[in-house]
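# Inside the fold
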Amino acid sequence: MAASPHTLSPRLLTGWIRGCIWHLERRAMQESPHRLLHLLRNVNQQWITFRHLTFLRRMYVTQLNRSLNQQVKPKPEPVAAPFLEKTSSDEAKAEIYEMSPLSAPGLSPSREPHAKEALELEAASVTEGPVAAGKEAKEERQWKEMKLRWDDLPGALARLSKIKLTALVVSTTSAGFALAPEPFDWTCFLLTFVGTGLASCAANSINQFFEVPFDSNMNRTKNRPLVRGQISPLLAVSFATCCAVPGVALLTWGVNPLTGALGVFNIFLYTCCYTPLKRVSIANTWVGAVVGAIPPVMGWTAATGSLDAGAILLGGILYSWQFPHFNALSWGLREDYSRGGYCMMSVTHPALCRRVALRHCLALIALSAAAPALDVTTWTFPVIALPINLYISYLGFRFYRDADRKSSRKLFFCSLWHLPLFLLLMLTCKRPAGRGDAREPQG
């Protein structure tokens, strides 16, 4: 029986739909592996990208930590960060540098802010200590006014008067008094001793009063009382006046007018000539050598009342000794003198500085030989003084040849013991006081 067209059309339609569905299912089954593989590849690429970013973040944290450790000085007792107070240092480091577990890209941003906060807090805690230490060090380097107490006043006045230099001046004055061919008078000696010491204190105090702006730039003099504000300029000038007036009075009326005049001249030469000349010309070294040569002359004139050949010889010895002493000292202080604005041979004429030091080391040998010729010592003195004169001359030659800090320091320290030993040998070989009178015929 033939089918009617009304019954064929639904069957054909149903078969066609089933065929389309079968075709689509077959095609989907054939393409699903490719799509799945493509999806897996995309996920793998995204995973690799995420791991790469994680690695970069770990590298960044490591490099930042290294740079902070290089900049920060280690402390004996490190202070823990506020958010790590209950944990140990090892646990804190583990917590800070703990990496987030590998997860999908959509879940990683939730932990990144916490890691950034931890990193910022760690950096802040590490840098906070060095900043505070740097501020404290900067405050220590800054100039601060020192408040003076009554028990500190004697020490401040001793530094103002350069007590060590004053002691050297008084000792050379005493040597000149003892070497004079006159009977030793204790009263005159004590007056000369005290008067010379007071005059030296006055000259040194006035010198520091004038050089406050320049001493503040030098490491060697930046802690002087006037520079630090420990004492006032009015107190310094008052102290200098209280030393100068009685000192000159003792030398003039207690000893003799010649010694008093030499004391006044030495104060004037040191304060009004040598002090301002230090910033003008290298001639200040020669003027300063004259200032140092006058005290033994004052000791001689205090004992004899006259200015004769023996006084000139003692002044010449102190004059020559000061060049190896001061030139060697100034060689190691060239940077300080440059900052202070002082015109010194060691700064502007270094070769001349070394030549002058060697020249006057050799001059001490000639002056030793002149002492017995002028009836100041016996002929034994140049012989026993020759070894120490040759040694200081040798060091002067080393300083001239090497021109370094080592040779200059050796020459300087040698000069510190050379002068007292040299004057002691002169005293042991002193010419007897009555020998010249014994040669005269009896009338």
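Treat the numbers as computed from the prediction; the structure is a model and nothing was measured.

What counts as what
Residues numbered from 1 in each chain as written. Predicted model: local features only at pLDDT ≥ 70, side-chain atom pairs only at ≥ 80, totals over all residues. Heavy atoms only, no water. Helix = DSSP H or I, 4+ residues; strand = E, 2+ residues; numbered from the N terminus. Buried < 20%, exposed > 50% of the residue type's maximum accessible area, 1.4 Å probe, protein only. Contact = heavy atoms within 4.5 Å. Areas by Shrake-Rupley, 256 points an atom, 1.4 Å probe, with all protein chains shown as cover. Phe/Tyr/Trp six-rings, centres within 6.5 Å; stacked < 30°, edge-to-face > 60°. Expected span 1.5 Å × (residues − 1). Core = buried A, V, L, I, M, F, W, Y, C linked by side-chain atoms within 4.5 Å. 1 Å grid on protein atoms, 1.4 Å probe; cavity = no way out; pocket = protein on both sides within 12 Å on 5 of 7 lines; lining within 4 Å. Points joined across faces, edges and corners; volume = space filled by probe spheres on them. Nonpolar A, V, L, I, M, F, W, Y, C, P; charged D, E, K, R; others polar. Patch = residues over 30% accessible without salt bridge, like charges linked within 9 Å, V, L, I, M, F, W, Y side chains within 5 Å. Salt bridge = Lys/Arg side-chain N within 4 Å of Asp/Glu carboxyl O.

### A closer look at the overall build of the protein
- Secondary structure summary: the protein contains 19 helices and zero strands in total.
- In the protein, buried positions account for 37% of the 443 residues.
- Counting contacts in the protein only where the partners sit at least 6 residues apart, residues at least 24 apart contribute 75% of the total.
- With an accessible surface of roughly 26,400 Å², the protein has 64% of that area assigned to carbon and sulfur atoms.

### Describing the packing of aromatic side chains
- In this structure the tally under the stated criterion is 16 aromatic pairs.
- Judged by centre distance (4.8 Å) and plane angle (70°), the rings of F184 and W186 are edge-to-face.
- Accessibility expressed as a relative area gives 57% for W186, which makes it exposed.
- Look at W331 and F399: their rings are 5.3 Å apart centre to centre, the planes differ by 90°, and that puts the pair in the edge-to-face class. Taken together, the residues W331 in helix α12 (residues 309-331) and F399 in helix α17 (residues 386-402) connect sequence positions 68 residues apart.

### Observations concerning helix α18 (residues 405-428)
- Given a rise of 1.5 Å per residue, 24 residues ought to cover 34 Å, and the 35 Å separating the end C-alpha atoms of α18 matches this to within 8%.
- Considered for burial, the residues of α18 that qualify are S407, S408, L411, F412, C414, S415, H418, L419, F422, L423, L425 and M426.
- Tucked into the core, α18 has its buried residues touching α5 (163-179), α12, α15 (350-373), α16 (380-384) and α17.

### Details of the nonpolar core
- One finds W300, I317, F381, L411, F422 and M426 to be the most contacted residues of the largest nonpolar core, which totals 61 residues.
- The residues contacting I317, other than those within four sequence positions of it, are L364, L367, F422 and M426.
- Counting 12 residues, the second-largest nonpolar core is a separate cluster that includes A202, I231, A236 and C243.

### What about the layout of surface pockets?
- Here the largest pocket defines a volume of roughly 1,300 Å³.
- Taken together, 48 residues make up the lining of the largest pocket; nearest its centre are K162, L165, N204, R220 and Y270.
- Listed by contribution, the elements that provide at least two residues to the lining of the largest pocket are α4 (153-160), α5, α6 (186-210), α10 (257-277), α11 (284-304), α12 and α18.
- Along the lines of polarity and charge, the residues of the lining of the largest pocket split into 25 nonpolar, 15 polar and eight charged.

### Some remarks on the side chain of N389
- Among the structural elements, N389 can be located in helix α17.
- N389 sits in the buried class, given a relative accessible area of 1%.
- Dropping the residues within four chain positions of it, N389 is found in contact with L364, I365, S368, H418 and F422.

### Some thoughts on unusual backbone geometry
- The phi angle at K162 is positive, at roughly 55°, despite the residue not being glycine.
- Its relative accessible area of 16% is what places K162 among the buried residues.
- A positive phi angle, near 60°, is found at D375, a position not held by glycine.
- Turning to its location among the elements, D375 is positioned in the loop between α15 and α16.
- Here D375 falls in the partly exposed class, since its relative accessible area comes to 46%.

### Some points on the environment of Y337
- Along the chain, Y337 turns up in helix α13 (residues 334-340).
- With a relative accessible area of 2%, Y337 lands in the buried category.
- Placed 59 residues apart in sequence, Y337 and K278 show a C-alpha to C-alpha distance of 9.8 Å.

### A few points about a nonpolar patch on the surface
- On the surface, a nonpolar cluster with roughly 550 Å² of combined accessible area is contributed by Y391, Y394, W417, L421, L424 and L427.
- Every element with two or more residues in the nonpolar patch is listed here: α17 and α18.
- With four residues, the single largest contributor to the nonpolar patch is α18.
- Mapped onto the fold, W417 is located in helix α18.

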